[in-house]
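# Fold and geometry: a report
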Amino acid sequence: GSGLARDILLSGRALQKMNLIIDAQGRHPEQQPSPLTWKVIAESAGRIQAIDNMVIAQLAHIAGAPLDAGAGIDLQCKIGDQVLVGQVLYTVYTRFESNLSFVQSFVHERGHGYRIQ
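Reference entry: report on the structure contained in this document. (Residues numbered from 1 in each chain as written. Predicted model: local features only at pLDDT ≥ 70, side-chain atom pairs only at ≥ 80, totals over all residues. Heavy atoms only, no water.)

## A word on the sheet that holds strand E6 (residues 114–116)
- Strand order in this open sheet of three strands is E4-E2-E6, and the pairing throughout is antiparallel. Pairing within the sheet leaves two strands with one partner each, and these edge strands are strand E4 (82–83) and E6.
- One ladder, built from three bridges, connects strand E2 (residues 46–51) with E6; its direction is antiparallel. Within E6, the residue paired with Ile-51 across the bridge is Tyr-114. (Pairing = 2+ DSSP bridges. Helix = DSSP H or I, 4+ residues; strand = E, 2+ residues; numbered from the N terminus.)

Below you can see the structure in the form of structure tokens.
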């Protein structure tokens, strides 16, 4: 099953199907990201082995998503990427200083969600 799923994703068929669904429901104009940003950086060099989707989803929620359409996470690195110390892993977008503060506290307490080796 995982081989089939990987093939569907890598071949572009999943994206094609998603675009058909979006077109059927009606596309919305491009949403501007929320104005406050915070870049989460790699603290060690190596290859990204895993990304904890639960951590990323929680961070997006703390940032204000989905209620704030401009809030969320923009991943700059994916599994398998080689990263250097100080390289941006992802950027958090939020509208409110309080949300940004909560995001920063969460990352400092729980980690950024990337496993780098």
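## Re helix H4 (residues 97–110)
- Taking 1.5 Å of rise per residue, the 14 residues of H4 would be expected to cover 20 Å, and the 20 Å separating its terminal C-alpha atoms lies within 8% of that figure.
- Within H4, burial applies to Asn-99, Leu-100, Val-103, Phe-106 and Val-107. Relative to the axis of H4, the buried residues are bounded by an arc of 125° and lie together on one face. More than 90 degrees from the buried face of H4, the exposed residues found are Glu-97, Phe-102, His-108 and Glu-109.
- Structurally, H4 contributes buried residues whose contacts are with strand E1 (36–41), helix H3 (53–63) and strand E5 (88–94).
- Just downstream of H4, Gly-111 is the residue with a positive phi angle, here 100°. (Expected span 1.5 Å × (residues − 1). Buried < 20%, exposed > 50% of the residue type's maximum accessible area, 1.4 Å probe, protein only. Arc of directions from axis to C-beta. Contact = heavy atoms within 4.5 Å.)

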